[in-house]
Amino acid sequence: PQPVYLSDYQPPAYRVTHTELTFDLDPAATRVKARLLIERHPEADANAPLVLNGEHLKLISLAIDATPLDAAAYELDDEVLRIAQVPERFVLESEVEIAPRENTALEGLYQSNGMYCTQCEAEGFRRITFYPDRPDVMATFKVTVIGDQQQEPILLANGNPIERGELESGRHFVTWEDPHPKPCYLFALVAGNLHSVEDHFTTMSGRDVTLQIWVEKENLDKTKHAMASLKRAMEWDEKAYGREYDLDLFMIVAVNDFNMGAMENKGLNIFNSAAVLTHPQTATDAAFQNVEGIVAHEYFHNWSGNRVTCRDWFQLSLKEGFTVFRDQCFSADTNSAPVKRIQDVSFFRTAQFAEDAGPTAHPIRPDHFIEITNFYTLTIYEKGAEVVRMLRNLVGGESFRRGSDLYFERFDGQAVTIEDFVGCMAEASGEDFSQFMHWYSQAGTPDIDAHGEYDYVQGEYHLTLRQRTPATPGQPDKLPLHIPVRMGLVGTKSGQDLTLTLNGEKLGKDAVIHLRDDEQTFIFTDVAEAPVPSLLREFSAPVKLHYPYSREDLAFLLTHDSDGFNRWDAGQRLALLALDDLIAAHRNGVEKVMDSRVVDAFRALLGGPMSDKAVLAEMLTLPSEAYIAEQQPIVDVDAIHAAREFVRQSLAVALRDEFLAIYEANVAEEPYAPTPEQIAQRSLKNVALSYLMSIEDEQGLALCEAQFAADHNMTDVRQALTLLVHSDRDDLASPALKAFGEKWAHDPLVMDQWFTVQVSRPQPDVLERVKYLMQHPAFSLKNPNRVRALVGAFAQNRVNFHRLDGQGYQLLADVVIELNRLNPEIAARLITPLTRWQRFDETRQALMRSELERIKQQPLSSNVYEVVEKALA
Ligand code: HT7
Ligand code: ZN
């Protein structure tokens, strides 16, 4: 497979102004008729051929302006249909046959549980009909769907229904019209035996919008939260961005087989059922919050992505980074803002940092790719969002809003670039973003080494910041970036933020300093007492900040920093220092000794104010094994696990009574609601329970069993089940697992949780369990959710996946090889843990590489090929 380069971008020679499609549905032989109004670009060569994409299509007929084309007039291969001579303006008619039932890749038109649905982003439309499958070709669409009245009573597509009727042989049709020009990746069709819940939203200009969520009948009781989330998101986008919905109907459909979370097709969002269905008995608090965020994200795309779309797929972060930023702000406004930031950053620093340091590292705007679906990454989405956040913080809220208004107005109905977006922000604020643009082109996480010195005599604090972005594949040398560092100086005597005076200017007690050079020293004057610096507040830039904090400094910041995010981060850093010592002790076979400062800090937290329980729960949560691993030069999975367990157990022993008291104080009797208050209470209670269970405290065990048996809601049940299964008390875990598995055998999304709980336990029997569970009737390799819940979760189980006999790697490679045939996109994603081989000891490196080599020997899809090739380069 050959890469595509950003530098080769050419505007399309032909555009499609209007698209008419007729689908005659059949599982094995769906007929798709297309009628395309096409015109040559005024600047294109009159002899330019018409090049249409098309894959896995059986061509039935082709005509231009109603005249059939004979075979000599066109060339057809596996990927492209090329017509050498076409008029300046013409109608192209084609008919093709496709087989949705055979489509296990879940791109294009496929069947899920007997229901037809589509996934066209990024390049799935070419599996539906011959078309210029690129986002800068935008057309209005009219779509007729013909199906069986019994099998497919519901026939949906984008826009508004304009006609419906009955046909012969028990068939019927519905015609849909979407007046908004769109790229074909936003096309959608759904057909099946679906049921809907309906609601309404009145827009800011007073228009009534009908909202529908379409699901299988048994899931009708799981749509309430998604509907409420949708209405909140619609209202928020009006207030925060002045964006109003633009059709009379907005539909969401839940499907069981889906490669990602959801898809923002115009007026017809298609969702992975896991990203839309919730019920207190089946979904955890985290799932409720996830659904709220994804519903909002897809809705927000209606403007950031659909009305204003991407010129080409290299600009993917234009819509994804911006939309993630928008959904993050929405969730922060709707729930607890500090907790949302802590959770986002915690995930980001673990997973995106790892991606940015590995062989698949790429800039937010890549300059080449083989398979675009491999680029729906944490870098494009999450780092892209961090960069938009920096822009917002650099220009301030008001200019950012002016910039986004300008962007949406100026580029409405167009396919644009990242420069267009940043240009609007520059125009609205008067700022110069030329250096800032390197964030989009340079991969890798910048390291910032910070060093501070207090001069008692002069009353000055000298802060030196040095930045360096490590080499990444294809990018050996990096330019310095413009890095906004939000900071404060916390006085060690007063415990208060000191006023920051820089170059004679009073900046206030919390300010942003701008690091632009490789190294800069900032001299703060009038600093009356020795401070501890609080740097990178609220994670103001996606960088690794290194400052030689002592444990005393960190304990001080943990209680005195005015920035809630940095208070949490100080706790994490303090725990990491202790964990470092314990990891070394474990490796050296030396007795482990718990750092009393960590115990004291936790005691202070437990005895402190309980005003924000959600933040407290985060503060009491130790860094994950994955995040600890990120800090180590060579990852020793066993030492990390042992050290973390040791800290957990030491804290539990020292603070047993406090954890017990917290548990008891937070048992709620009221009916479940996914409110921030209740969620905070449950998470605090469940963190306390996890400490008690880490020492298999008798009372803790009893509480855990009782929590499981009470069956109050899935958050509590799942936590209790996890703690039992992850403990050594198989006598208690086995009956609980059995009961849970029997109770929920009919619900695939709950069975996914059942799989995950089992394969993430630390005990050494997990590999056998994975193999056994892969034979379970509820498991199927064809369903991405099942694969993620079982095989994906196993690959996150650090001690077991990284077994020294290499069997964990082998199992993953076997699954990748099989999935490569069925679903290349999911197969390619699943390889990720193997691509991180450089981070491990030599034995594991060799084992991981040999599995990658084994995969490479197979006939590979371009998706898997690209990842394996990079991983072994
Ligand atoms: N924009 C959507 C991306 C997406 C996707 C991409 C590739 C293959 C399958 C996919 N399903 C959805 C989702 C989003 O970011 O909102
Ligand atoms: Zn998105």
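None of the values given here were measured: they were computed from a predicted structure.

Asker: Teacher, can you tell me more about the overall build of the chain here?
Answerer: For the chain, the helix and strand inventory stands at 28 helices and 33 strands. The globule rule puts the C-alpha radius of gyration for 873 residues at 29 Å, and the 28 Å found for the chain is close to it. Each of the three principal axes of the chain carries a C-alpha extent, and together these read 90 × 70 × 60 Å. In the chain, which comprises 873 residues, the share counted as buried stands at 49%.

Asker: It is not clear to me how the site of ligand 1 should be interpreted in this structure. Could you clarify?
Answerer: Neighbouring residues of ligand 1: 15 residues in total, closest Glu-121, Asn-259, Met-260, Met-263 and Thr-373. For the shell around ligand 1, the secondary-structure elements that each account for two or more residues are strand E20 (262-263) and helix H2 (285-300). Class assignment for the residues of the shell around ligand 1 results in five nonpolar, five polar and five charged. Among the domains, domain 1 (4-193) and domain 2 (309-439) are the pair contributing at least three residues each to the shell around ligand 1.

Asker: What should I look at first to understand the pairing of strand E11 (residues 115-119) in this one?
Answerer: Along any regular strand the residues' side chains alternate between the sheet's two faces. E11 sits mainly inside the fold: five of its five residues count as buried. Both faces of E11 are covered, namely the face carrying Met-115, Cys-117 and Gln-119 and the face carrying Tyr-116 and Thr-118. When strand E10 (residues 108-112) meets E11, the two strands line up antiparallel, connected through five bridges. Within E11, the position partnered with Leu-109 by the bridge is Thr-118. Hairpin connection, E10 to E11: the antiparallel pair is bridged by two residues, and Asn-113 has positive phi, about 55°. As paired elements, E11 and strand E16 (residues 189-192) share two bridges and run antiparallel to each other. Residue pairing across strands places Tyr-116 opposite Ala-191, the latter belonging to E16.

Asker: I keep staring at the domain arrangement of the chain and nothing clicks. Help me out?
Answerer: A common measure of how large an interface is: the accessible area buried when the components associate. In terms of domain boundaries, the chain breaks down into domain 1 (4-193), domain 2 (309-439), domain 3 (447-541) and domain 4 (744-873). Computed from C-alpha atoms alone, the centre-to-centre distance between domain 1 and domain 4 is 35 Å. Taken residue by residue, the interface counts four residues in domain 1 and five residues in domain 4. Class assignment for the residues of the side of domain 1 that touches domain 4 results in two nonpolar, one polar and one charged.

Asker: Explain the sheet that holds strand E32 (residues 531-535) to me, please; I cannot follow it from the model alone.
Answerer: The strands that make up a sheet pair up through hydrogen bonds in the backbone, lying either parallel or antiparallel. With antiparallel pairing, three strands are arranged side by side in an open sheet as E30-E27-E32. Lying at the two open borders of the sheet, with one neighbouring strand each, are strand E30 (511-515) and E32. When strand polarity is set aside, the average angle formed by the axes of neighbouring strands in this sheet is 40°.

Asker: I keep staring at the UniProt feature "domain: Peptidase M1 alanyl aminopeptidase Ig-like fold" (unreviewed entry) in the chain and nothing clicks. Help me out?
Answerer: Following the UniProt record, the feature "domain: Peptidase M1 alanyl aminopeptidase Ig-like fold" (unreviewed entry) maps to residues 444-547 here. The distance from the first to the last C-alpha atom of residues 444-547 is 20 Å, and the span holds 0% helix and 52% strand.

Asker: Where do I start with the confidence of the model for the chain in this structure?
Answerer: For residues with low pLDDT, the predicted coordinates do not support detailed interpretation. Scored by pLDDT, the chain has a mean of 98; 100% of the residues are at 70 or more. Note on the complex model: pTM 0.99, ipTM 0.98.

Asker: I'm lost on the sheet that holds strand E29 (residues 505-508) in this one. Help?
Answerer: Pairing is mixed in the open sheet, where six strands are placed in the order E29-E28-E31-E26-E25-E33. Of all the strands in the sheet, the pair left with one neighbour each is E29 and strand E33 (544-546). Averaged over all pairs of adjacent strands, the angle between their axes in this sheet comes to 30°, without regard to strand direction. Sheet topology note: the strand E28 (residues 500-502)/E29 ladder contains three bridges and is antiparallel. For Thr-501, the partnering residue across the bridge sits in E29 and is Lys-506.

Asker: Just checking my understanding: could you explain the nonpolar core for this structure?
Answerer: Taken as a class, soluble globular proteins show a tendency for nonpolar side chains to be buried jointly. In this structure, Leu-189, Val-190, Val-253 and Leu-790 are the most contacted members of the largest nonpolar core, which totals 251 residues. Every residue in contact with Val-253, bar those within four places of it in the chain, is listed here: Cys-117, Leu-156, Val-190, Leu-194, Trp-214, Leu-268, Ile-270 and Phe-271.

Asker: I would appreciate a short explanation of helix H4 (residues 337-356) in the present structure.
Answerer: A turn of α-helix holds 3.6 residues, and therefore any two residues three or four places apart point the same way. In this model H4 runs 26 Å from its N-terminal to its C-terminal C-alpha over 20 residues, within 8% of the 28 Å that 1.5 Å per residue would give. Taken as a whole, H4 carries its principal kink of about 35° at Phe-348. Those residues of H4 lying buried are Val-339, Lys-340, Arg-341, Ile-342, Asp-344, Val-345, Arg-349, Gln-352, Phe-353, Ala-354, Glu-355 and Asp-356. Of the surrounding secondary structure, the elements contacted by the buried residues of H4 are helix H3 (316-334), helix H5 (378-395), helix H10 (564-588), helix H12 (613-619) and helix H13 (625-631).

Asker: Is there a simple way to explain helix H14 (residues 637-654) in this structure?
Answerer: Between the first and last C-alpha of H14 there are 26 Å, a value that for 18 residues agrees with the 26 Å anticipated at 1.5 Å per step. The complete set of buried residues in H14 reads Val-637, Ile-640, His-641, Ala-643, Arg-644, Phe-646, Val-647, Ser-650, Leu-651 and Ala-652. Elements in contact with the buried residues of H14: H10, helix H11 (596-607), H13, helix H15 (656-665), helix H16 (676-694) and helix H23 (798-801).

Asker: Help me out: how do you make sense of the pairing of strand E5 (residues 58-64) in this one?
Answerer: Bridge analysis of E5 against strand E9 (residues 89-98) gives six bridges, and the strand direction is antiparallel. Bridge assignment links Lys-58 to a residue of E9, and that residue is Glu-97. Across two bridges, the pairing between E5 and strand E6 (residues 67-68) is antiparallel. Opposite Ile-64, over in E6, you have Thr-67 as the bridge partner. In this antiparallel pair of consecutive strands, E5 and E6, the connection spans two residues, and Asp-65 shows a positive phi of 45°.

Asker: It is not clear to me how the environment of Met-115 should be interpreted in this structure. Could you clarify?
Answerer: Considering the arrangement of structural elements, one finds Met-115 in strand E11. Owing to 22 C-beta atoms within 10 Å, Met-115 belongs among the buried residues under this scheme. Along the primary structure Met-115 and Asp-405 are separated by 290 residues, whereas in three dimensions their C-alpha atoms are 39 Å apart. In this view, Met-115 contacts Val-190, Ala-191, Gly-192, Leu-194 and Val-255; residues no more than four positions away in its chain are not counted.

Asker: Can you help me understand the packing of H3 against H5 in this one?
Answerer: Between two packed helices, what matters for the description is the angle formed by their axes and the separation of those axes. Remark: H3 packs on H5, axes separated minimally by 7 Å, with the N-to-C direction vectors making an angle of 70°. Considering the angle they form, H3 stands roughly perpendicular to H5. Of the residues in H5, those touching H3 at Leu-316, Ser-317, Glu-320, Gly-321, Phe-322, Val-324, Phe-325 and Gln-328 are Ile-380, Tyr-381, Glu-382, Gly-384, Ala-385, Val-387, Val-388 and Arg-389. For the contact of H3 with H5, the per-class residue count stands at nine nonpolar, four polar and three charged.

Asker: In this structure, what is going on with the environment of Gly-504? I would like to understand it.
Answerer: Its place among the elements puts Gly-504 in the loop between E28 and E29. Through-space distance from the C-alpha of Gly-504 to that of Phe-524 is 8.6 Å; in sequence the pair is 20 residues apart.

Asker: What is the right way to look at unusual backbone geometry in this model?
Answerer: Residues other than glycine predominantly adopt negative phi, and peptide bonds predominantly adopt the trans conformation. Cis peptide bonds are those with omega within 30 degrees of zero, and the linkage from Glu-121 to Ala-122 qualifies with 0°. Of note in this structure, Asn-503 is not a glycine but carries a positive phi near 50°. Following the sequence through the fold, Asn-503 ends up in the loop between E28 and E29. The phi dihedral of Asp-711 falls on the positive side, at around 55°, and the residue is not glycine. Checked against the element boundaries, Asp-711 lands in the loop between helix H17 (698-710) and helix H18 (714-725).

Asker: What should I look at first to understand the environment of Ala-793 in this one?
Answerer: Its place among the elements puts Ala-793 in helix H22 (residues 784-795). Counting along the chain gives 33 residues from Ala-793 to Ser-760, while the straight-line C-alpha distance between them is 6.4 Å. In this structure, Ala-793 is in contact with Phe-755, Thr-756, Val-759 and Ser-760, ignoring residues within four places of it in sequence.

Thresholds, definitions, all that
Sequence order as written defines the numbering, with residues in each chain counted from 1. Working convention: letters from A go to chains and numbers from 1 go to ligands, in the order in which they are written. Side-chain atom pairs in this predicted model are given and counted only at pLDDT of 80 or more, local residue features only at pLDDT of at least 70, and totals for whole chains, interfaces and linings cover all residues. To qualify as a helix, a DSSP run of H or I must reach at least 4 residues; to qualify as a strand, a run of E must reach at least 2; elements of each kind are numbered from the N terminus. Two things to know: the radius of gyration comes from C-alpha atoms, and the globule rule equals 2.2 Å times the number of residues to the power 0.38. For the exposure call, what matters is how many other C-beta atoms sit within 10 Å of a residue's own: 20 or more marks it buried, 12 or fewer exposed, and in between partly exposed, using C-beta atoms placed from the backbone. For each residue, a C-beta position is placed from the backbone atoms; the residue is near a molecule or strand when that point lies within 6 Å of it. Side-chain classes are defined by residue name, with Ala, Val, Leu, Ile, Met, Phe, Trp, Tyr, Cys and Pro counting as nonpolar, Asp, Glu, Lys and Arg as charged, and the others, Gly among them, as polar. Domain segmentation is taken from an automatic or database assignment of domains. At least two DSSP bridges between two strands are needed for those strands to be called paired. Residues are scored as being in contact if the C-beta atoms we place from backbone atoms lie within 7 Å. Note on geometry: axes are C-alpha line fits, over the in-contact stretch for helices, and angles between N-to-C directions span 0 to 180 degrees. UniProt positions are given in the numbering used here, feature names are shortened, and annotations may be inferred rather than shown by experiment. Per-residue confidence from the predictor is reported as pLDDT, which spans 0 to 100. A set of buried residues drawn from Ala, Val, Leu, Ile, Met, Phe, Trp, Tyr and Cys, joined through C-beta atoms within 7 Å, is what defines a nonpolar core. The span you would expect from a helix comes to 1.5 Å times its residue count less one. Bend is computed residue by residue as the angle between axes fitted to the seven residues ending at the residue and the seven residues starting at it. For this classification, under 35 degrees means roughly parallel, over 145 means roughly antiparallel, 65 to 115 means roughly perpendicular, and everything else is oblique.

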